[in-house]
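One-letter residues, chain by chain:
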Amino acid sequence: MQAVEILLANLPITIYATPNENVNTGERVIVSTTNGLELGIVKNKVDTNEDLATIVRKATQEDITTNCENCKLSRSLLSEIKKEAQRLGLDMKIGFVCYNLDKTKLSINYTADDRVDFRELIKLLGSKYKTRIEMRQIGNRDETKMIGAMGICGRETCCKSFLSDFDKVSIKMAKNQNISLNPTRINGMCGRLLCCLKYEDEFYDEMQKKMPKVGFSVTTPDGKGTVTATDFLRETVTVSFTKDDTTEIKTYELKDIQKDKK
């Protein structure tokens, strides 16, 4: 099914809407979603089987101004809502609050380890702010994507800057890349495994098949030796030769050696 991919302005998530010939990539549009009216940016046309939202119209300058004001108001409410949740003794972390465009709904995004009974909180906030309250439980990665953070690389986290979906990341990827399994090295700001471990996983997986393992015997231009180290990025193999109680170590390009049969 042909659709238009749209990145929402207030919630950094992607939705899909019915195609509209009057809108182009990069344009701001008003979209009717299950969350009400939302401001979004058209990304590109895609094929999808997901339920589609509806593009109401192109966004006006007034829409953009209203959305900015709503964002400022939402941020100002965050500390108040956190205090109310603490006062009620709710074991949850509220990370992001946002109004939809026409302020008919206030979405409160939170993380929690266990189920939380927030009925009293919804009742209190609905009465106070005179709007519909939606509590939305999200994961740690979603929270970082919404709030934003600096990664250990010194740049804005990938989830905030460009990722629209989260790929599956496993500890095996870190092992394949010979990265220390220290949590401070392989975990992101969200506390989960770094998304960037996925980027080069295919390359390392392929190199694992090509490279001889450490300790294996190989044939080199200088004779048979034992692999002592490998460098996947440089595609080199370090080999040791032992003769007459003397050990010599040399490094070769992968193409210049041959694995010996076991």
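Here we summarise the structure given alongside this text. (Residues numbered from 1 in each chain as written. Predicted model: local features only at pLDDT ≥ 70, side-chain atom pairs only at ≥ 80, totals over all residues. Heavy atoms only, no water.)

## Brief notes about the overall build of the chain
- What the chain contains, in helices and strands, is 7 helices and 13 strands.
- Over its C-alpha trace the chain gives a radius of gyration of 27 Å, far above what one expects of a compact globule, namely 18 Å for 262 residues.
- Here the chain holds 262 residues, and 39% of them are scored as buried.
- Across the chain, every contact between residues at least 6 apart in sequence was considered, and the portion connecting residues at least 24 apart equals 56%.
- Working note: accessible area of the chain is about 16,100 Å², and carbon and sulfur atoms make up 48% of it.
- Looking at charge distribution, the chain has the averaged site of its 41 positive side-chain charges lying 3 Å from that of its 38 negative ones. (Helix = DSSP H or I, 4+ residues; strand = E, 2+ residues; numbered from the N terminus. Rg over C-alpha atoms; globule rule 2.2 N^0.38 Å. Buried < 20%, exposed > 50% of the residue type's maximum accessible area, 1.4 Å probe, protein only. Contact = heavy atoms within 4.5 Å. Areas by Shrake-Rupley, 256 points an atom, 1.4 Å probe, with all protein chains shown as cover. Lys, Arg positive; Asp, Glu negative; His and termini not counted. Charge placed at Lys NZ, Arg CZ, Asp CG, Glu CD.)

## Describing helix α1 (residues 61–87)
- Compared with an ideal rise of 1.5 Å per residue, which puts 27 residues at 39 Å, α1 spans 40 Å between its outermost C-alpha atoms and is within 8% of the ideal.
- Along α1, the sharpest kink reaches roughly 30°, centred on Leu78.
- Within α1 the residues assigned to the buried category are Asp63, Asn67, Asn70, Ser74, Leu77, Ile81, Glu84 and Ala85. (Expected span 1.5 Å × (residues − 1). Bend = angle between axes of the 7 residues up to and from the residue.)

## Brief notes about the sheet that holds strand β13 (residues 258–259)
- With antiparallel pairing, the 5 strands of this open sheet are ordered in space as β12-β11-β10-β9-β13. Of all the strands in the sheet, just β12 (246–253) and β13 have a single pairing partner and so form its edges.
- Pairing of strand β9 (residues 217–220) with β13 involves 2 bridges; the strand directions are antiparallel. Looking at β13, one finds that Thr219 is bridged to Gln258. (Pairing = 2+ DSSP bridges.)

## Comments concerning the pattern of salt bridges
- All chains considered together, the criterion is met by 14 salt bridges.
- We note a salt bridge from Glu134 to Lys105, for which the minimum N-O separation is 3.8 Å. Taken together, the positions of Glu134 in strand β8 (residues 132–137) and Lys105 in strand β7 (residues 105–111) put the pair 29 residues apart, joining distant regions of the chain.
- Among the residues examined, Lys105 registers a relative accessible area of 3% and is labelled buried.
- One salt bridge in this structure joins Lys224 and Asp260, with 3.3 Å as the shortest N-O distance. Of the two residues, Lys224 is situated in strand β10 (residues 223–231) and Asp260 in the segment after β13; the sequence distance between them amounts to 36 residues.
- The class for Lys224 is exposed, based on a relative accessible area of 58%.
- For Asp260, a relative accessible area of 19% translates into the label buried.
- Via salt bridges that share partners, Lys105, Glu134 and Arg136 belong to a single interconnected network. (Salt bridge = Lys/Arg side-chain N within 4 Å of Asp/Glu carboxyl O.)

## Describing the sheet that holds strand β4 (residues 36–47)
- One open sheet holds the 5 strands; their spatial order is β2-β1-β4-β3-β5, and the pairing between them is antiparallel. A strand with exactly one partner marks an edge of an open sheet, and here the two such strands are β2 (14–17) and β5 (54–58). Averaged over all neighbouring strand pairs, the angle between strand axes comes to 50°, with direction disregarded. (Axes fitted to C-alpha atoms, helices over the stretch in contact; angles between N-to-C directions.)

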